[in-house]
Amino acid sequence: MRHGKYRFIVGFLALPLGLYALFVVWPFIQSIYYSFTDWTGLSPDFKMVGFDNYERMLDDDIFWKSLRHSLLFALVLPVVTLGLALFFAFMINVGGRRRKGGPAISGVRGSAFYKIVYFFPQVLSIAIVSLLFAFAYNPDSGAVNSLLRGIGLDGVQPLWLGDPNLALWCVMAVLVWSTVGFFVVLFSAGMASIPAELYEAALLDGANRATTFFRVTLPLLWDTVQSGWVYLGILALGAESFAVVQIMTTGPGGPDYSTTVMVLYVYQKAFRDGQAAYATTIGVALLVVTLAFAAIVMRLGRRERLEF
């Protein structure tokens, strides 16, 4: 193995690296190149225009709106989703009362059932989830306003997706509902691997649930939380936010561009307006934002690795 290890390593890495370069790196390079042209996406003819597309982007009010909305997605969605997932996973695995004759550490009653319930949204595609919630948010016949009327709140009948101040938050709520279950299962698997002796020692020292979570569970799960944060941020900046906004909102991206995100704006400029070069320019900006987000999260989340 030592004699031919480099040929062995290169032989295994050549094909996947070649595929990665062909289908990931090369399209990025092409996008950067086309961002300096006036390509429409409909004709093979185009010419170089220098930084005109970037100057236009910086003067585009809708671009800045979409950037703010995308950053809000990337900041709020991971915080809420990971916070709920950690809480639910902790209660399922550690938060139960000690039962007579049972282990010192256990989850709440019915924890196996709760895992299935939380994971259920993962079985549905994001398109189906978006359609279901679009019907639920209907101000006239939707389930949400019908529930409010049913409990006597007839005067509280928001337009939900029709209100520019509420639409973005309604879309975020759908993403939280659809993704939190995956992280509940992920964090539950991580908590199950933590030795019970650590929890028992904490209990003997008089630690309560909150202290146990912040002093034992969270430090030992930190690598998983950090990876989940980056993964959720990329989803929020990319495909997941595009799907829910495209399917649920009027326009889509409305009302009054209140739910337009960067990836949707790229799609609209490329396939609706025939401005492929300008779309790739916004795509380059989205690439920079995504890389910066991942780098900041990895840098801020860096800490000494704990092993058990």
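The structure we're discussing is the one just above.
Now for a quick tour of the structure. Bear in mind that the values here come from a model prediction, so they are computed numbers and not experimental data.

Considering the packing of aromatic side chains
- Taken as a whole and assessed by the stated rule, the structure comprises 21 aromatic pairs.
- Between Phe183 and Tyr231, the aromatic rings sit 6.2 Å apart at their centres with planes inclined by 55°, giving tilted as the arrangement. Taken together, the residues Phe183 in helix H7 (residues 167-192) and Tyr231 in helix H9 (residues 209-237) connect sequence positions 48 residues apart.
- Aromatic pair Phe213 and Phe214: ring centres 5.0 Å apart, planes at 85°, arrangement edge-to-face.
- The exposure class of Phe213 is buried, given its relative accessible area of 13%.
- Relative accessible area serves as the criterion here: at 54%, Phe214 is assigned to the exposed category.
- An aromatic cluster is present here, built from Tyr33, Tyr34, Trp39 and Phe46 joined pairwise through their rings.
- The ring of Tyr278 carries the charged tip of Arg56 above its face, separated from the ring centre by 3.8 Å.

What about the layout of surface pockets?
- Considered as a void within the structure, the largest pocket measures approximately 450 Å³ in volume.
- In this structure, the largest pocket is lined by 22 residues; those nearest its centre are Ser31, Val266, Ala279, Thr280 and Gly283.
- Of all the secondary structure elements, the ones that give two or more residues to the lining of the largest pocket are helix H1 (5-34), H9, helix H11 (262-272) and helix H12 (276-300).
- Broken down by element, the lining of the largest pocket gets its largest block of residues, eight residues, from H12.
- Grouping the amino acids of the lining of the largest pocket by side-chain chemistry returns 16 nonpolar, six polar and no charged.

Considering a nonpolar patch on the surface
- Together, Leu15, Leu19, Tyr20, Leu22, Phe23, Val25, Trp26 and Ile29 give the surface a local cluster of nonpolar side chains, amounting to about 830 Å² of exposed area.
- With respect to the helices, strands and loops of the structure, Val25 is situated in helix H1.
- We classify Val25 as partly exposed; its relative accessible area is 34%.

A word on the pattern of salt bridges
- Taken as a whole, this structure holds two salt bridges when the rule is applied.
- With its nearest N and O atoms 3.0 Å apart, the salt bridge here joins Arg272 to Asp273.
- Residue class for Asp273 comes out partly exposed when judged on its relative accessible area of 30%.

Reading guide: rules and limits
Numbering of residues starts from 1 in each chain and follows the order in which that chain's sequence is written. At least 70 in pLDDT is required for a residue's local features to be given in this predicted model, at least 80 for side-chain atom pairs to be given and counted, and no such filter applies to totals for whole chains, interfaces and linings, which use all residues. As a rule here, side-chain values come from all non-hydrogen atoms in the structure, and water together with hydrogens is ignored. Each Phe, Tyr or Trp ring, with Trp reduced to its six-membered ring, pairs with another whose centre is within 6.5 Å; inter-plane angles below 30 degrees give stacked pairs, above 60 give edge-to-face pairs, and intermediate values give tilted ones. Numbering of helices and strands starts at the N terminus; helices are DSSP runs of H or I of at least 4 residues and strands are runs of E of at least 2. Relative accessibility under 20% of the residue-type maximum defines a buried residue, over 50% an exposed one, and the middle range a partly exposed one, all with a 1.4 Å probe and only protein chains included. Criterion for a charge above a ring: Lys NZ or Arg CZ within 6 Å of the ring centre, and within 35 degrees of the ring normal. Here a cavity denotes grid points, spaced 1 Å and computed from the protein atoms alone, that fit a 1.4 Å probe unable to get out, and a pocket denotes an open set having protein on both sides within 12 Å along at least 5 of 7 lines; residues with an atom within 4 Å of a point are the lining. Grid points are joined across faces, edges and corners, and a volume is the space filled by probe spheres set on the points. Polar here means any residue other than Ala, Val, Leu, Ile, Met, Phe, Trp, Tyr, Cys and Pro, which are nonpolar, and Asp, Glu, Lys and Arg, which are charged; Gly is therefore polar. Only residues whose relative accessible area exceeds 30% and that take part in no salt bridge are eligible for patches, with like-charged residues grouped when within 9 Å of each other and nonpolar side chains (Val, Leu, Ile, Met, Phe, Trp, Tyr) grouped when within 5 Å. Shrake-Rupley sampling with a 1.4 Å probe provides the accessible areas, and residues are treated as covered by the protein chains on show and by no other component. The term salt bridge refers to a pairing of a side-chain nitrogen on Lys or Arg with a carboxyl oxygen on Asp or Glu at a separation within 4 Å.

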